[in-house]
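# Descriptive structure summary
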Amino acid sequence: MTEFRVESIILGESAVIRELRRMICQVARGNTPVLIQGPTGSGKELVAQAIHRLSGRTGPLVAFNVCAIGDGMMEDTLFGHSKGAFTGAMSNHVGLLAEANHGTLFLDEIGSMAGTVQAKLLRVIETQEYRVIGTSLDRRSDFRLVAASNEALDILVRRGSFRSDLMWRLRGLVLEVPSLSERLEDLPLLARHFASKVSSIGVSACEVTSDALDVLMSHHWNGNVRELRYVIEAAATLSQTSSLYASDITRVLTNKAPQRIAGASSERDRLLRVLASVAGNVSAAAETLGVHRVTIYRRLKRLGLSTRGTNTNASGAPVQLH
């Protein structure tokens with residue numbers, strides 16, 4: 001098996017990225033929770049992946065966005081339930097804690113977690129034990145918790161939406177992921193990397209010209225590395241050549257208005273048509289509509305649609321989310 005190198009997924013040679021990679025290697029082994037802080041789109045999940053890959057743990061990395069479900073479902077999602085535990089529990093459901101046994105549990109947007117579940121999560125962190133809903137015996141999970149937030153937890157504590165005792169437990173090891181504006185010297189490397197990978201979306205890999213880089217370097221990247229990736233992918237899709245020029249980048253950057261989906265007669269239809277057009281990729285749908293991916297999850301919940309499984313659009317075709 002090829003030895004994993006953190007440089008393979010945490011790209012860049014800026015001082016802040018070199019320091020981040022050093023910290024990842026330092027904290028990877030052990031059982032202490034890790035808190036990853038950084039703006040949306042900066043690559044926090046990649047940091048979690050690197051920590052897990054270097055940890056030596058034999059179990060899987062189980063990643064979950066807390067915003068993906070309603071507050072009332074988070075406890076069930078974490079702990080699981082037994083058949084007959086409540087109305088509608090037709091079979092046993094394995095929770096995230098069981099899935100992450102001997103591995104790593106990555107909870108993204110942990111600041112969105114309901115207070116009642118925060119208290120129970122704190123106990124699980126301390127004891128490594130939990131109780132499946134509808135059962136009377138504690139079970140054990142040898143997991144390592146990695147959490148992420150795009151907002152400082154102490155601010156959430158002051159607002160009264162996050163428990164201070166859980167914050168202090170999570171802040172034992174803190175990794176700060178910089179915004180793209182804090183590491184602009186890495187942009188050319190990142191842009192060329194994304195351009196070399198566009199074949200995964202059915203487009204031939206392309207070269208990023210120096211004039212295209214000039215435009216990219218002058219843009220204010222509110223969406224950080226994720227936005228850069230989508231801009232490169234969109235420009236490569238629209239380009240008529242094997243090279244990306246300034247005009248290709250400008251065309252994408254100046255066309256940021258949310259797209260109208262023809263033929264959609266309702267909000268539900270419109271949302272499912274967008275998701276179908278990007279093969280169920282929630283992040284790509286958010287980019288298409290000009291909103292945050294959390295907004296997509298919230299709309300799905302408000303419209304009574306599944307946020308993790310398959311929905312059916314107006315024509316009866318399945319839309320599998322991921």
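Everything discussed here concerns the structure shown above.
Here the residue numbers are simple positions, counted from 1 along each chain's written sequence. Note on the predicted model: pLDDT of at least 70 is required for a residue's local features to be given, and 80 or more for side-chain atom pairs to be given and counted; whole-chain, interface and lining totals, by contrast, use all residues. No hydrogens and no water enter the side-chain calculation; it runs on all heavy atoms of the structure.

### Thoughts on the overall build of the protein chain
Put simply, the rule is: Going along the chain from the N terminus, every DSSP run of H or I of four or more residues is numbered as a helix, and every run of E of two or more is numbered as a strand. Relative accessible area decides the class of each residue, using a 1.4 Å probe on protein chains only: under 20% of the type maximum gives buried, over 50% gives exposed, and in between gives partly exposed. Per-residue and other accessible areas follow the Shrake-Rupley method at a 1.4 Å probe size, with only the shown protein chains counted as cover for residues.
A count of helical and extended segments in the protein chain gives 14 helices and 13 strands. When burial is assessed residue by residue, the protein chain has 47% of its 322 residues classed as buried. Of the accessible surface of the protein chain, which amounts to about 15800 Å², a share of 50% is contributed by carbon and sulfur atoms.

### What about the nonpolar core?
Put simply, the test is: Residues belong to one nonpolar core when they are buried, are Ala, Val, Leu, Ile, Met, Phe, Trp, Tyr or Cys, and are joined through side-chain atoms within 4.5 Å. Note on definitions: a residue-residue contact is assigned when non-hydrogen atoms from the two residues lie within 4.5 Å.
Of all hydrophobic cores here, the largest spans 48 residues; its most connected members are Met 74, Leu 78, Leu 105, Leu 107, Met 113, Leu 170 and Leu 275. Residue contributions to this core peak at five residues, all from helix 5 (residues 115–127). Here Met 74 is in contact with Phe 64, Val 66, Ile 69, Leu 107, Met 113 and Val 117, once residues within four sequence places are set aside. If you look at the next biggest cluster of nonpolar residues, it comprises 27 residues, including Leu 180, Ala 191, Leu 213 and Ala 235.

### Structural notes on the environment of Ile 9
Note that Ile 9 resides in the segment before helix 1 (15–27). The sequence separation of Ile 9 and Ala 50 amounts to 41 residues, and the corresponding C-alpha distance is 7.4 Å. Not counting chain neighbours up to four residues away, the residues in contact with Ile 9 comprise Phe 4, Leu 46, Gln 49 and Ala 50.

### Thoughts on the packing of aromatic side chains
Geometrically, a pair of aromatic rings is defined through the distance of the ring centres and the angle of the planes. Spelled out, the test is: Side-chain rings of Phe, Tyr and Trp, where Trp is taken by its six-membered ring, are said to pair if the distance between their centres is within 6.5 Å; with planes under 30 degrees apart they count as stacked, over 60 as edge-to-face, and otherwise as tilted.
Under the definition given, this model contains one aromatic pair. Considering the side-chain rings of Phe 79 and Tyr 130, the 6.4 Å spacing of their centres and the 15 degrees angle between planes classify their relative orientation as stacked. Taken as a pair, Phe 79 in helix 3 (residues 71–79) and Tyr 130 in strand 6 (residues 129–130) lie far apart in primary sequence, 51 residues in all. Look at Tyr 130 and you get buried, because its relative accessible area is 4%.

### Some details on unusual backbone geometry
The backbone of Gln 128 shows a phi angle near 65 degrees, a positive value even though the residue is not glycine. What makes Gln 128 buried here is its relative accessible area of 9%. With phi around 60 degrees, Asn 224 is a residue other than glycine that occupies positive phi space. Secondary-structure assignment places Asn 224 in helix 10 (residues 224–238).

### Quick look at helix 11 (residues 246–253)
How we decide: Note: the arc covers the axis-to-C-beta directions of the helix.
Taken residue by residue, helix 11 has Ala 246, Asp 248, Ile 249, Val 252 and Leu 253 as its buried positions. Projected onto a plane normal to the axis of helix 11, the buried residues spread over an arc of 165 degrees and lie on a single side.

### Re the sheet that holds strand 2 (residues 61–65)
Defined as follows: Here, any two strands with at least 2 DSSP bridges between them count as paired. Only the stretch in contact is used when a helix axis is fitted, and all axes are lines through C-alpha atoms; the angle between N-to-C directions ranges over 0 to 180 degrees.
Within the open sheet, the five strands sit side by side as 2-5-8-1-9. Their pairing is parallel. Lying at the two open borders of the sheet, with one neighbouring strand each, are strand 2 and strand 9 (173–176). Between one strand and the next, the sheet's axes are offset by a mean angle of 20 degrees, whatever the strand orientation. As defined by bridge partners, strand 1 (residues 34–37) adjoins strand 9 across four bridges and the pair is classed as parallel. Bridge pairing in strand 9 links Gln 37 to Glu 176.

### A word on the pattern of salt bridges
The condition is simple: By definition here, a salt bridge exists when the distance from a side-chain nitrogen of Lys or Arg to a carboxyl oxygen of Asp or Glu is within 4 Å.
Under the counting rule described, the total for this entry stands at 13 salt bridges. Two residues, Glu 7 and Arg 5, come together in a salt bridge whose shortest N-O distance is 3.6 Å. Accessibility expressed as a relative area gives 54% for Arg 5, which makes it exposed. Put simply, Arg 251 and Asp 248 hold a salt bridge, and the shortest N to O gap is 3.7 Å. Of the two residues, Arg 251 and Asp 248 both sit in helix 11, three residues apart, roughly one turn of that helix. Here Arg 251 falls in the partly exposed class, since its relative accessible area comes to 41%. Assessed through its relative accessible area of 8%, Asp 248 is described here as buried. A network of salt bridges, in which partner residues are shared, links Arg 123, Arg 131 and Asp 138.

### Structural notes on the pairing of strand 1
On a regular strand, one side chain projects to one face of the sheet and the next to the other, so that they alternate. Both faces of strand 1 are covered, namely the face carrying Val 34 and Ile 36 and the face carrying Leu 35 and Gln 37. Judged from the four bridges that link them, strand 1 and strand 8 (residues 144–149) form a sheet pairing that is parallel. Bridge pairing in strand 8 places Gln 37 opposite Ser 149.

### Looking at the packing of helix 10 against helix 11
Heads up, the rule is: The hand of a helix crossing depends on one turn: near helix anticlockwise from the far one by less than a right angle means left-handed, and clockwise means right-handed. Residue polarity follows a fixed list, in which Ala, Val, Leu, Ile, Met, Phe, Trp, Tyr, Cys and Pro are nonpolar, Asp, Glu, Lys and Arg are charged, and the others, Gly among them, are polar.
Running from amino to carboxyl end, helix 10 crosses helix 11 at an angle of 115 degrees, the nearest separation of the two axes being 9 Å. The two elements helix 10 and helix 11 cross, and the hand of that crossing is right-handed. Every residue of helix 11 that contacts helix 10 at Val 231, Ile 232, Ala 234, Ala 235 and Leu 238 is listed here: Asp 248, Ile 249, Arg 251, Val 252 and Leu 253. Taken together, the residues that form the contact of helix 10 with helix 11 break down as eight nonpolar, no polar and two charged.

From the geometry alone we can't say anything about function, so treat these as descriptive.
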